[in-house]
Amino acid sequence: MIDMTAADEISDDARARSNVMRLAAAQALTGANSAVIFATGSIVGALLAPDVSLATVPISMYVVGLAAGTLPTGAISRAYGRRVAFIIGTFCGMLTGLLGAFAILHASFPLFCCATFLGGLYGAVSQSYRFAAADGASAAFRPKAVSWVMAGGVFAGVLGPQLVQWTMDVWQPYLFAFSFMVQAMVALIAMAVLVGVDAPKPAPADLHGGRRLFEIARQPRFIAAALCGVIAYPMMNLVMTSAPLAMKMCGLSLSDSNFGIQWHIVAMYGPSFFTGALIARFGAPRIVALGLSLEAVGATIGLSGMTAMHFWATLIVLGIGWNFAFVGASALVLETHRPQERNKVQAFNDFLVFGMMALGSFSSGQLLANFGWSAVNMVVFPPVLLGLLVLAVTSLAKRRAASQPIPEFPDSGM
């Protein structure tokens, strides 16, 4: 029986490894699409918006799309299989590029916001790539599967900003219009890659049963995992969203901004080559704590100066911190649910993360315009401290529970 179980795990891991390759490639292509939006969104917004304080609204709409797309992605995956959700997502990505280019050509701020919202829907689907990689894999392989898929973003960090750099002036005087046309083509390539993912429709038995979502969500470990994700991603997004516009306001060039975003994205995904191994060795809570601490370090660098080097260092350290915190939090989520519960729990977790991002993202433009770059960085510290405190309390409670002796039952003869 043990041999059969081991053989099944080997077979499942072989299937998971095959999926990881495709999902990592899709992560790279999808990440390139989001990189275009993050590198251009606030700048195009400043050009098209009626007021500069609305410049980051297009990126905020992207985040709203992320939040709005998470629960439908889970529902579609649960009913029809993850692959169907993936294809729908890439179709939204194609529409993002086409509508974004049209909006720039016609100087329409509302249409550009609609385009970035569609980009958020695409991004919401791509967030499930990391969980899809872990489907059916052994417990030992799951953190590595999640980490390796996230590593595909390294290529996105190179491709996305370079795509912007190469194409931003092609359709003068319409800055970035051709960049969005190329983005649509990249989404089409991602669709072709994802067609080959082995993600069958769930068995009927997996569509029913399992615990209620409320019961799962009130577990201390889920609360800690979700809260850390809610802190790690929105805080990173707040700083990253504001950085390109802040650099422009400081008189730095678009090339400086693109360079900063490029290396930020590389820093976000580069550690994924070994984050899974670190989680396996030291445990997810410690890696999450390290990540949150690095986000605070990044904000500290942002407060120390406003040269190009300060912006670049802030974005790089912030990206590394996000990777450790977010991948670690994702690994914690995988420990909180059963197989038949995975789609609803994972979708709910992402809804919490991106819902909070959506709430915070709309304030980034106002925060930057009214209070400056320093205020943006100061906002990072209180949530990070809260996350570290909750992690410490949860880990301590788990250790105490594990150290308690199992009560002995009285002898039946007494």
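So, here's what we can say about the structure.

Quick notes on the rules
Residues numbered from 1 in each chain as written. Predicted model: local features only at pLDDT ≥ 70, side-chain atom pairs only at ≥ 80, totals over all residues. Heavy atoms only, no water. Helix = DSSP H or I, 4+ residues; strand = E, 2+ residues; numbered from the N terminus. Rg over C-alpha atoms; globule rule 2.2 N^0.38 Å. Buried < 20%, exposed > 50% of the residue type's maximum accessible area, 1.4 Å probe, protein only. Areas by Shrake-Rupley, 256 points an atom, 1.4 Å probe, with all protein chains shown as cover. Lys, Arg positive; Asp, Glu negative; His and termini not counted. Charge placed at Lys NZ, Arg CZ, Asp CG, Glu CD. Phe/Tyr/Trp six-rings, centres within 6.5 Å; stacked < 30°, edge-to-face > 60°. Salt bridge = Lys/Arg side-chain N within 4 Å of Asp/Glu carboxyl O. Contact = heavy atoms within 4.5 Å. Disulfide = S-S within 2.5 Å. Arc of directions from axis to C-beta. Core = buried A, V, L, I, M, F, W, Y, C linked by side-chain atoms within 4.5 Å. Axes fitted to C-alpha atoms, helices over the stretch in contact; angles between N-to-C directions. Parallel < 35°, antiparallel > 145°, perpendicular 65-115°, else oblique. Left-handed = near helix turned anticlockwise from the far one by under 90°. Nonpolar A, V, L, I, M, F, W, Y, C, P; charged D, E, K, R; others polar.

Along its length, the protein chain carries 17 helices and 0 strands. Against the compact-globule benchmark of 22 Å for 414 residues, the protein chain has a radius of gyration of 22 Å, which places it among compact chains. Along the three orthogonal principal directions, the C-alpha set of the protein chain runs to about 90 × 45 × 30 Å. A total of 414 residues make up the protein chain; the buried ones form 56% of that total. Carbon and sulfur atoms form 70% of the exposed surface of the protein chain, whose accessible area is close to 17,200 Å². Of the charged side chains in the protein chain, 23 are positive and 18 negative, and the gap between their average positions amounts to 2 Å.

Evaluation of the coordinates by the stated rule reveals 14 aromatic pairs. Judged by centre distance (5.5 Å) and plane angle (80 degrees), the rings of Phe112 and Phe180 are edge-to-face. In this pair, Phe112 sits in helix H4 (residues 109–127) while Phe180 sits in helix H8 (residues 177–194), placing the two residues 68 residues apart along the sequence. Arranged with centres 4.9 Å apart and planes meeting at 40 degrees, the rings of Phe311 and Trp373 form a pair that is tilted. Of this pair, Phe311 sits in helix H14 (residues 308–334) while Trp373 sits in helix H16 (residues 373–378), and the two are 62 residues apart along the sequence. A relative accessible area of 4% means that Trp373 is categorised as buried. Taken together through their ring pairs, the aromatic side chains of Tyr233, Tyr269, Trp322, Phe326 and Phe354 make up a single cluster.

Moving on: the pattern of salt bridges. According to the stated counting rule, one finds 1 salt bridge in the structure shown. Note that Glu335 and Arg221 form a salt bridge whose closest N and O atoms lie 2.7 Å from each other. Here Arg221 lies in helix H10 (residues 220–249) and Glu335 lies in the loop between H14 and helix H15 (342–371), a separation of 114 residues in the sequence.

Our next topic: unusual backbone geometry. Put simply, Gln172 and Pro173 share a cis peptide bond, and its omega is 5 degrees. Looking at the secondary structure, you find Pro173 in the loop between helix H7 (153–167) and H8.

Right, let's talk about the side chain of Ser272 for a bit. Positionally, Ser272 belongs in helix H12 (residues 272–282). Here Ser272 is in contact with Ser147, Trp148, Met150, Ala151, Asn323 and Val327, once residues within four sequence places are set aside.

Let us now look at the state of the cysteines. A complete count under the given rule lists 0 disulfides for this structure. Free cysteine Cys113: the closest other cysteine sulfur is in Cys114, separated by 7.2 Å.

In this section: H12. Residues of H12 that are buried: Ser272, Thr275, Gly276 and Ile279. Within H12, the buried residues cover an arc of 95 degrees as seen down the axis, which keeps them to one side. Away from the buried face of H12 by more than 90 degrees, exposed residues Phe273, Ala280 and Arg281 are located. Of the surrounding secondary structure, the elements contacted by the buried residues of H12 are helix H6 (142–151), helix H11 (254–269), helix H13 (284–304) and H14. The first or second residue beyond H12 is Gly283, which carries a positive phi of 95 degrees.

Most often, soluble globular proteins keep nonpolar side chains buried together rather than apart. With 117 residues, the main nonpolar core has Leu23, Phe176 and Leu292 as its most contacted residues. Aside from chain neighbours lying at most four places away, what touches Phe176 is Thr40, Ile43, Val44, Ile104, Val164, Met168 and Leu254.

Our focus in this paragraph is the packing of H12 against H14. Following both chains from N to C, one finds H12 and H14 inclined at 50 degrees, their axes separated by 10 Å at the closest point. The angle between H12 and H14 places the two elements in the oblique class. H12 and H14 meet at a crossing whose hand is right-handed. Taking contact as the criterion, the partners of Ser272, Phe274, Thr275, Leu278 and Ile279 in H12 are, on H14, Asn323, Phe324, Val327, Gly328 and Ala331. When grouped by side-chain class, the residues that make up the contact of H12 with H14 number 6 nonpolar, 4 polar and no charged.

Moving on, we get to the environment of Val353. Structurally, Val353 can be placed in helix H15. Under the relative-accessibility criterion, Val353 is labelled buried at 1%. For the pair Val353 and Pro234, spaced 119 residues apart in sequence, the C-alpha to C-alpha distance is 7.4 Å. Once residues within four sequence positions are removed from consideration, Val353 is found in contact with Ala226, Gly229, Val230, Tyr233, Pro234 and Phe326.

This part is about the environment of Ser242. Note on placement: Ser242 falls in helix H10. Judged by relative accessible area, which is 0%, Ser242 ranks as buried. The spacing of Ser242 and Gly372 is 130 residues in sequence and 9.7 Å in space, taken between C-alpha atoms. Not counting the four nearest positions on each side in its chain, Ser242 is found in contact with Ser364, Leu368, Trp373 and Val376.

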